[in-house]
Amino acid sequence: MSKNREVLKTYLESDSIHVVKDNKTEVNYFIFPEYEIHLNKIYPNAIQEWHYHTNIEEVIVVTNGVLTCKWLEQEKEQVQFIYKNEIVQVKNSIHTFENNTETDVEFIVFRLILDGKDKREIIKTDKKVVDR
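Now for a description of the structure that goes with this document. Since this is a predicted model, take the numbers as computed values, not measurements.

**Here we look at the pattern of salt bridges**
No. 1: Scanning all chains against the criterion turns up 7 salt bridges.
No. 2: In this structure, E36 engages R111 in a salt bridge whose closest nitrogen and oxygen atoms are separated by 3.9 Å. Remark: R111 occurs in strand β10 (residues 105–112) and E36 occurs in strand β3 (residues 35–42); sequence separation between them is 75 residues.
No. 3: Taking the relative accessible area as the measure of exposure, E36 reaches 13% and is therefore buried.

So, in structure tokens, the structure goes:
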């Protein structure tokens with residue numbers, strides 16, 4: 001095995017940038033050179049501001065609660081409820097997220113800047129098994 005392999009690295013909550021926003025969203029930001037992961041919590045009965053991204057793709061995985069996802073499609077407001085273990089691919093839509101419940105909604109956000117190349121074959125075949 002090559003001696004130049006990268007070493008596994010872990011990140012603790014204390015390594016993140018922690019922010020509690022005025023819109024009742026709590027976020028732990030983990031920012032890396034080519035992507036970002038953040039852990040979000042939206043408090044009960046809270047609404048994020050409507051927004052969109054010009055370059056960033058957001059992929060959201062709900063880990064607790066029910067996230068209300070709203071977006072504009074042909075100038076009409078669309079709504080979908082996203083449940084635990086479900087995924088939202090935001091694209092560059094004009095969107096917002098809400099928590100219309102009495103419990104916290106928690107989700108993980110993956111923020112990426114994509115290059116438009118299909119990498120599915122690399123992703124499916126990149127794992128190499130090692131005898132130890």
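**Looking at the sheet that holds strand β1 (residues 17–20)**
No. 1: Ordered in space as β1-β2-β3-β10-β5-β8, the 6 strands form an open sheet in which the pairing is antiparallel. Strand pairing shows two members of the sheet lacking a second neighbour, β1 and β8 (87–89), which therefore form its edges. Taken over all neighbouring pairs, the strand axes of this sheet differ in orientation by 20° on average, direction set aside.
No. 2: Alignment of β3 against β10, held across 8 bridges, turns out to be antiparallel.

**What to know about the pairing of strand β6 (residues 67–73)**
No. 1: Where β6 and strand β7 (residues 76–82) come together, 7 bridges link them in antiparallel fashion. Residue E73 lies in a different strand from β7, and its bridge partner there is K76.
No. 2: Hairpin connection from β6 to β7: 2 residues lie between these consecutive antiparallel strands, with Q74 at a positive phi of about 50°.
No. 3: Note that β6 and strand β9 (residues 95–99) share 4 bridges and pair antiparallel. Paired with T68 across the two strands is E98, which belongs to β9.

**Some thoughts on the pairing of strand β5 (residues 57–64)**
No. 1: In terms of strand pairing, β5 meets β10 through 7 bridges, oriented antiparallel. Counted as the bridge partner of I60 is V109 from β10.
No. 2: Taken together, the 3 bridges between β5 and β8 define a ladder with antiparallel strand orientation. What sits directly across from I60, in β8, is V88.

**A word on the sheet that holds β6**
No. 1: Strands sit in the order β4-β9-β6-β7 across an open sheet of 4 strands; the sheet is antiparallel. On the outer flanks of this sheet lie β4 (46–47) and β7, each paired with one strand and no other.

The rules behind the values
- Residues numbered from 1 in each chain as written.
- Predicted model: local features only at pLDDT ≥ 70, side-chain atom pairs only at ≥ 80, totals over all residues.
- Heavy atoms only, no water.
- Salt bridge = Lys/Arg side-chain N within 4 Å of Asp/Glu carboxyl O.
- Helix = DSSP H or I, 4+ residues; strand = E, 2+ residues; numbered from the N terminus.
- Buried < 20%, exposed > 50% of the residue type's maximum accessible area, 1.4 Å probe, protein only.
- Pairing = 2+ DSSP bridges.
- Axes fitted to C-alpha atoms, helices over the stretch in contact; angles between N-to-C directions.

It is worth stressing that arrangement in space is one thing and function is another; only the former is reported here.
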